[in-house]
There are 2 protein chains.
Amino acid sequence: MSDHLLPSWRPGPTRDRVVGFLDAIADVPVSDRVAVFDNDGTLWCERPTYAQYDFFEDRLRTAAAAQPELADRPEYRVVLDGDQHGMAELGLARVAFALAELFEGQTPEDYQRSVTEFFSRAVHRSTGRPLSTMTYQPMLELLDELRRRDVDVFIVSGGGVEFVRAVSEALYDVTPDRVVGSSIRYRYERRGDTPTLVRTAELDGPPNEGPAKVDALQRHLGRRPLLAAGNSLGDREMLELAHAASPSLALLIDHDDAEREFAYASEAGTMDDLEPITELGRREGWTIVSMRDDWSTVFTDAP
Amino acid sequence: MSDHLLPSWRPGPTRDRVVGFLDAIADVPVSDRVAVFDNDGTLWCERPTYAQYDFFEDRLRTAAAAQPELADRPEYRVVLDGDQHGMAELGLARVAFALAELFEGQTPEDYQRSVTEFFSRAVHRSTGRPLSTMTYQPMLELLDELRRRDVDVFIVSGGGVEFVRAVSEALYDVTPDRVVGSSIRYRYERRGDTPTLVRTAELDGPPNEGPAKVDALQRHLGRRPLLAAGNSLGDREMLELAHAASPSLALLIDHDDAEREFAYASEAGTMDDLEPITELGRREGWTIVSMRDDWSTVFTDAP
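Residues numbered from 1 in each chain as written. Chains lettered and ligands numbered in written order. Predicted model: local features only at pLDDT ≥ 70, side-chain atom pairs only at ≥ 80, totals over all residues. Heavy atoms only, no water.

## Describing the overall build of chain A
So, point 1. Looking only at helices and strands, chain A has 12 helices and 10 strands in total.
So, point 2. Its C-alpha atoms give chain A a radius of gyration of 20 Å, near enough to 19 Å, the size a compact globule of 303 residues would have.
So, point 3. Taking the principal axes of the C-alpha coordinates as reference, chain A spans close to 60 × 45 × 45 Å.
So, point 4. For chain A, the proportion of contacts with a sequence separation of at least 24, taken over those separated by at least 6, is 66%.
So, point 5. Carbon and sulfur atoms make up 50% of the accessible area of chain A, which totals about 12800 Å².
So, point 6. If the 33 positive side-chain charges of chain A are averaged to one point and the 54 negative ones to another, these points end up 3 Å apart. (Helix = DSSP H or I, 4+ residues; strand = E, 2+ residues; numbered from the N terminus. Rg over C-alpha atoms; globule rule 2.2 N^0.38 Å. Contact = heavy atoms within 4.5 Å. Areas by Shrake-Rupley, 256 points an atom, 1.4 Å probe, with all protein chains shown as cover. Lys, Arg positive; Asp, Glu negative; His and termini not counted. Charge placed at Lys NZ, Arg CZ, Asp CG, Glu CD.)

## So, the relation of the copies chain B and chain A
So, point 1. Relative to chain A, chain B is turned by 180° and slid 0.0 Å along the rotation axis, the superposed coordinates differing by an RMSD of 0.0 Å. On this basis, the relationship between the two copies can be described by a two-fold rotation axis. Within chain B, the C-alpha atom positioned nearest to the axis of rotation is that of His220 of chain B, 3.6 Å from it.
So, point 2. Both copies share a contact surface, since 100% of the interface residues of chain B are interface residues in chain A too. (Least-squares fit on C-alpha atoms with pLDDT ≥ 70 in both.)

## So, the packing of helix α6 (residues 108–121) of chain A against helix α8 (residues 161–172) of chain A
All names here are of chain A.
So, point 1. Where α6 meets α8, the closest approach of the two axes is 9 Å, and the angle between their N-to-C directions is 55°. Between α6 and α8, the angle falls in the class oblique. α6 and α8 meet at a crossing whose hand is right-handed. Mapping the contact onto sequence places Tyr111, Gln112, Val115, Thr116 and Phe119 in α6 and Glu162, Phe163, Ala166, Val167 and Leu171 in α8.
So, point 2. Residue composition of the contact of α6 with α8, by class: 7 nonpolar, 2 polar and 1 charged. (Axes fitted to C-alpha atoms, helices over the stretch in contact; angles between N-to-C directions. Parallel < 35°, antiparallel > 145°, perpendicular 65-115°, else oblique. Left-handed = near helix turned anticlockwise from the far one by under 90°. Nonpolar A, V, L, I, M, F, W, Y, C, P; charged D, E, K, R; others polar.)

## A short note on the interface of chain B and chain A
By convention, interface size is frequently given as the accessible area that disappears when the constituent parts associate.
So, point 1. Each partner contributes residues to the interface: chain B has 35 residues there, and chain A has 35 residues.
So, point 2. Taken together, both faces of the contact between chain B and chain A bury some 3100 Å²; the carbon and sulfur share is 49%.
So, point 3. Between chain B and chain A we count 10 salt bridges in total.
So, point 4. One salt bridge connects Asp177 of chain A with Arg223 of chain B, and the closest N-O pair in it is separated by 2.7 Å.
So, point 5. Secondary structure elements with two or more residues in the side of chain B that touches chain A: α6 (108–119), β2 (152–160), α8 (161–172), β4 (184–191), β5 (194–203), α9 (211–221) and α10 (236–243) of chain B.
So, point 6. Here the side of chain B that touches chain A takes 6 residues from α9 of chain B, the largest share from any one element. (Buried area = accessible area lost by both parts, 1.4 Å probe. Salt bridge = Lys/Arg side-chain N within 4 Å of Asp/Glu carboxyl O.)

## With respect to the side chain of Lys213 of chain B
All names here are of chain B.
So, point 1. By the secondary structure assignment, Lys213 is in helix α9.
So, point 2. There is a polar contact of 2.9 Å between the side chain of Lys213 and the side chain of Asp38.
So, point 3. Separated by 2.9 Å, the side chain of Lys213 and the backbone oxygen of Val156 make a polar contact. (Polar contact = N/O pair within 3.5 Å; in protein donor to acceptor, adjacent residues only side chain to side chain.)

## Section: the environment of Arg61 of chain A
All names here are of chain A.
So, point 1. By the element assignment, Arg61 lies in helix α2 (residues 51–66).
So, point 2. Counting along the chain gives 15 residues from Arg61 to Tyr76, while the straight-line C-alpha distance between them is 9.4 Å.
So, point 3. The contacts of Arg61, once residues within four sequence positions are left out, are Val79 and Leu80.
So, point 4. A polar contact is formed between the side chain of Arg61 and the side chain of Glu57, at a distance of 2.9 Å.

## With respect to the environment of Gln84 of chain A
So, point 1. With respect to the helices and strands, the residue Gln84 of chain A is situated in helix α4 (residues 84–90).
So, point 2. Along the sequence, Gln84 of chain A and Arg260 of chain A sit 176 residues apart, while their C-alpha atoms lie 24 Å from each other.

## Brief notes about unusual backbone geometry
For residues besides glycine, phi is generally negative; the peptide bonds are generally trans as well.
So, point 1. Look at the link from Ser246 of chain A to Pro247 of chain A: it is a cis peptide, with omega at -5°.
So, point 2. Position of Pro247 of chain A among the secondary structure elements: in the loop between α10 (236–243) and β7 (249–254).
So, point 3. Residues Arg47 of chain B and Pro48 of chain B are joined by a peptide bond in cis, for which omega reads 0°.
So, point 4. Locating Pro48 of chain B in the fold gives a position in the loop between β1 (34–37) and α2 (51–66).
So, point 5. For Asp150 of chain A, which is not glycine, the phi dihedral falls at a positive 60°.
So, point 6. Mapped onto the secondary structure, Asp150 of chain A falls in the loop between α7 (137–148) and β2 (152–160).
So, point 7. The partly exposed category is assigned to Asp150 of chain A, whose relative accessible area is 45%. (Buried < 20%, exposed > 50% of the residue type's maximum accessible area, 1.4 Å probe, protein only.)

Here's what the structure looks like:
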């Protein structure tokens, strides 16, 4: 029967562990069935640039066409020039905050429309495929199998929560309230007779990475996950927490497929003593997913 | 057909508006069907004391039996003595923070067990009924009718989120991730081999009242509600936001039933110019629910 399960996962020990977890769920009370997924590099491609960065760059180009003086600002200059070196010098955080200012004063609905419009036409920087098809087909199959077993599926992203929410239903069938991410602070005001929320350029709390993700699980979900999936150090605590559950599945995506996607190693450890996070994951007993070996298909077909 | 709907709501203009809203939902895309409910005074009784206060007092009595010196602390003394005047002098916030210290170091699971154990035996201070039956039957019927129409139902409480979550599934059929409230900050640590979250005594962000509730809607739900229900000034912004939707239902519970519940008016306005919030609600066009006139039954039957 499980031959028809997860058709894009190649037979082997990794798929066996995933299917074993799916089978074990039957014995768990429905209210304890919780699974959490990182987004960038776990559900969709994060190379060569984050999709959210592509969106910010797109909005900056449009804004700079109308107001050329924007290009004089160093944080915007490096983005418009694609100047990786200059960006590293300024620091990614400083650039990100400057880009967030582009959306100050927008309502959540404005912002959402702007993201969905972008996704309707954006293509991936190196493959030329529609950005909306850069999701990993094997992971979409896993999301579906989990839901078929009454597992509540959440996305816990380091990215901006509204950015992911704008596409989460269309791409992942996950409703906005089941997406957790980094948040902008809002201001409540009345515009004429209509009360609304308005974006500021300030972050609301820390970026949603590392221990902040586990804190977000408690604040937002209020339940411990049985399954966590991630691909970088920002997912470590979430993976640890899920790995301690029973039954549990801690899935670490290894980007080892230079041919079909990208080959790169996220690192863990201290500055003096770095190791690929896959090494840490093996020691911890997590399930390492080799994109190259374990997946027969990587990307979702264009609709 | 709508005769069988909401049996604990008496026929009349209030019930007609509620049923009208339920009918109108059929034309709304499923993904936009969102309803939010305050808890204290809206879904369950908040007089003479908040259920969470009863819980805190109960835990304090147990702690003070083991450590009598706790009673020397002024914030605890006033609670143990039921000294309303002393409590007002110290300030409710100071007392609440001191009580929160009782749970410092607990895991979310410890805390949750402690709340459900309390609810299994606690009785209401003035009626003597089990605390778990002090929920409003008409509101439970409304929650069910909304879910039957594929409306996503959330609780947005000023109370502690973990307190409400511990009973939300049993009392309201609302899963923990659909409860938003005031939050304590957590610390992530490993206990032996087991990673866990541990409660601190610090609040994580402002108490979830007033504009903070609307901010929480955006952070947590990411969608605007069509229906909001509340009973006090802390719900004003949430009610305004829902009232501006279409279709919309802004329900304000008026505690005007001294015989079956309590008669009291939450106030709105500035210190110099206070008015009952029902006056504000009428001007705004909200639907005022008279407990006395609109509900044939108030409390849920004991199971």
